[in-house]
Amino acid sequence: MSALPHVAIVHCHYESGGVTQVVQNHVASLARDGHAGLTLLSGPRCSALRQATLTRASHRIVDSLEYDSMRQPTPSLSVERQGESLASELDAVMRKDGYSPENAVLHWHNHSLGKVAAAPAAIVRLADMGWRLLLQIHDFAEDQRPENLAYLIGRYRSADASDLDRWLYPQHHRIAYATLTRGDASALMEFGMDPTRVSVVPNSVVLEGDGESRDAAMARLHRCFGIPESSRWMLYPVRGIRRKNVGEFLLLCRLMQEVNPIDDRPIVGGLTLRPDTPLERASYERWRSVAEQHVHNVVFDAAHHPEVSFRTNLSACELVVSTSVAEGFGMAFLEPWLAHRRVVARDLPGVTADFVDQGVRLNHLYREVRIPGSKSWIDQAETAWDDAYRESWSGIPEAFRPSERAPAASVSAESIDFARLLPTTQADVIGRVDTDSGFRRDLIEANVELLDWVMDGHDLRPGKNASRIRDKYGATQQRQSLLAAYRTVIASPTASVTEPSPSKRMVDCINNSHPFFPCRTETDLPTA
């Protein structure tokens, strides 16, 4: 096989979202030096594909790649038979485009998440047919996605977690794996993957669109949202889903009403995108209601106004804040620096360690937001955390649950991390800031360093971080990472070898490396 194989990139859809952006960056990085033979395969939803992407790569629709929840798979067919059918469809489409097992690599994104249950079965069938595959995992069904995991258990009729792992994470001589971070790569190797078949392919970080002056951008926000032009815009550039820990962002905004910025300009927070799914939308609207009652210096849906683009928001802001408790890659830690905007963020060591090792200086990462309270209140909150953890696995049969508890956090006798609280308790804390001046004073005192970071109008040489990010996460580096990952597939033995048995269950590997936070699995929300 050539050192530059044909590449078919497979995903369920190419609608707006993280994976679609990653794929388009992959196409751009591969095509920039004339890489020929690029095809995108997906279900029928593909509205976010840019014209620039379509000029560099062909796009083929395979209806069976659509989410199971959005179509009607033949109920009489087992998931194995559906996998065989999907494999045959993909084989026919690729051969029609001149691809063959001898000249191509299939780069499949998020095959095991449970959106298309037949995908893992199709992958095994394709490998047996001679195709070589790179399976890039962004998210794990085992990572606090009980609905996805339960669906996969039912479809594969698995007896236990190891039996399901055999399907979801096949160890085959024509299959290699890629992750976004070294932390997730370590989880795959702990599971039992051959380290020579596990690559880290980080996202590329490219800031698109033209910026404008801060004054011009703030004038636009004033016209569109009515906020004072003298405000300091504190941006949270994310879709407000549960794992983004929106309540913590509101708490920071609320506390900014109580402290005096160094130049007397009020801080106003902006949350950019609303969620699409009913459950996530219900959580988001609950936080909007909390803000309407208690947090008057925050703007929701800041990227949905027709006159306000992402670049407008970024140009206007003086800092980017991230309160997220889980990320696949962590674009918000890097992208703002390309616009010379500083970042204050909750530290996610499994993500941020990679950035720091690459020389990005992230000096304003915090591990917790301390909420002071009596011993009995903290004990009650910890009990609620414990109950929420158990409840998150209650819909999963015992044989598929983690064999060990999630790693325990160190708990202070005087405070508890805001992210460990149930969202209902988080909302109560935000309300209490309004009504209890003593609590408000203690809360500010307990988090004075974090609040100083938010108020501080300066940061160490943002241009140095921007240069480092362009060097380490630009299109050239992405191309090199991709080609190296493809070579791990190409270099696999041409004849079947005895594959090692996994040493652990994936659910245990993921549970040990991805901390539990109640906001991620909250489901008791109205969805009307």
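Residues numbered from 1 in each chain as written. Predicted model: local features only at pLDDT ≥ 70, side-chain atom pairs only at ≥ 80, totals over all residues. Heavy atoms only, no water.

Draft legend 1. Structural context of the sheet that holds strand β12 (residues 342-346). Spatially, 6 strands are ordered β10-β9-β8-β11-β12-β13 in an open sheet, and the strand pairing comes out parallel. Strand pairing shows two members of the sheet lacking a second neighbour, β10 (298-299) and β13 (365-366), which therefore form its edges. Pairing analysis gives 4 bridges linking strand β11 (residues 317-322) to β12, with the strands arranged parallel. Within β12, the residue paired with serine 322 across the bridge is alanine 345. (Pairing = 2+ DSSP bridges. Helix = DSSP H or I, 4+ residues; strand = E, 2+ residues; numbered from the N terminus.)

Draft legend 2. Spatial organisation of the packing of aromatic side chains. Summed over the entire model, instances satisfying the criterion amount to 11 aromatic pairs. Both rings, one in tyrosine 156 and one in tryptophan 167, keep their centres 5.2 Å apart while their planes meet at 35°; by these two values the pair is tilted. Remark: tryptophan 167 occurs in helix α6 (residues 161-168) and tyrosine 156 occurs in helix α5 (residues 146-156); sequence separation between them is 11 residues. In terms of burial, tyrosine 156 and tryptophan 167 fall into one category: buried. With centroids separated by 6.1 Å and ring planes inclined at 45°, the aromatic side chains of phenylalanine 333 and phenylalanine 355 adopt a geometry described as tilted. One end of the pair, phenylalanine 333, is in the loop between β11 and α12 (335-338); the other, phenylalanine 355, is in helix α13 (residues 349-357), and 22 residues separate them in sequence. For the residue pair phenylalanine 333 and phenylalanine 355, the accessibility class agrees, reading buried in each case. By way of ring pairs, the aromatic residues Phe329, Phe333, Phe355 and Tyr473 are connected into one cluster. The ring of tryptophan 385 carries arginine 420 above its face, with NZ or CZ at 4.2 Å from the centroid. A cation over a ring is seen here: arginine 432 above phenylalanine 439, with NZ or CZ 4.1 Å from the ring centre. (Phe/Tyr/Trp six-rings, centres within 6.5 Å; stacked < 30°, edge-to-face > 60°. Buried < 20%, exposed > 50% of the residue type's maximum accessible area, 1.4 Å probe, protein only. Lys NZ or Arg CZ within 6 Å of the ring centre and 35° of its normal.)

Draft legend 3. Representation of helix α9 (residues 246-256) in the model. Counting buried positions over the 11 residues of α9 gives 11, a clear majority of the element. Taken as a whole, α9 has its buried residues at Val246, Gly247, Glu248, Phe249, Leu250, Leu251, Leu252, Cys253, Arg254, Leu255 and Met256.

Draft legend 4. Here's a closer look at the sheet that holds strand β2 (residues 38-42). Reading across the sheet, the 7 strands line up as β3-β2-β1-β4-β5-β6-β7 and stay open at both edges, with parallel pairing between neighbours. On the outer flanks of this sheet lie β3 (58-61) and β7 (198-200), each paired with one strand and no other. Strand-to-strand twist of the sheet, defined as the mean angle between neighbouring strand axes without regard to direction, takes the value 25°. Relative to β7, strand β6 (residues 175-179) is paired through 3 bridges, and the arrangement is parallel. Directly across from threonine 179, in β7, lies its bridge partner valine 200. Packed on one face of the sheet, helix α4 (residues 119-128) meets β4 (104-109), β5 (132-137) and β6 and runs near 165° to β4. (Axes fitted to C-alpha atoms, helices over the stretch in contact; angles between N-to-C directions. Contact = heavy atoms within 4.5 Å.)

Draft legend 5. Representation of the pairing of strand β9 (residues 267-273) within the structure. The buried count for β9 comes to 6 of 7 residues, which makes it a mostly enclosed element. Looking at chain direction, strand β8 (residues 232-239) and β9 are connected through 6 bridges and run parallel. Looking at the pairing, leucine 235 lines up with glycine 270 of β9. Two strands pair when backbone bridges link them, and β9 and β10 are joined in this way by 2 bridges, in the parallel orientation. Within β10, the position partnered with glycine 269 by the bridge is valine 298. Note that the unit made of β9, helix α10 (residues 278-294) and β10 has a crossover that is right-handed. (Right-handed = clockwise from strand over helix to strand, strands pointing away.)

Draft legend 6. Broad picture of the packing of helix α3 (residues 79-96) against α4. α4 packs onto α3 with a crossing angle of 60° between their chain directions and a minimal axis gap of 7 Å. By the criterion of interaxial angle, the relationship of α3 to α4 is oblique. Helix-helix and strand crossings are classified by hand; for α3 and α4 the assignment is right-handed. Contact residues: α3 offers Val79, Glu80, Gly83, Glu84, Leu86, Ala87, Leu90 and Asp91, while α4 offers Ala119, Ala121, Ala122, Arg125 and Leu126. In terms of residue class, the contact of α3 with α4 is made up of 8 nonpolar, 1 polar and 4 charged. (Parallel < 35°, antiparallel > 145°, perpendicular 65-115°, else oblique. Left-handed = near helix turned anticlockwise from the far one by under 90°. Nonpolar A, V, L, I, M, F, W, Y, C, P; charged D, E, K, R; others polar.)

Draft legend 7. How the structure looks around unusual backbone geometry. Look at arginine 157: it is not a glycine, yet its phi comes out positive at around 50°. Turning to its location among the elements, arginine 157 is positioned in the loop between α5 and α6. According to the relative accessible area criterion, arginine 157 is exposed, its value standing at 74%. If you check the backbone angles, histidine 340 has positive phi at about 60° while not being a glycine.

Draft legend 8. Quick look at the packing of α5 against α6. Across the interface, α5 lies against α6 with an axial gap of 11 Å and an inter-helix angle of 90°. What the angle tells us is that α5 and α6 run roughly perpendicular. When α5 is examined against α6, the residues Leu149, Leu152, Ile153 and Tyr156 are found in contact with a partner set consisting of Leu164, Trp167 and Leu168. Here the residues of the contact of α5 with α6 sort into 7 nonpolar, no polar and no charged.

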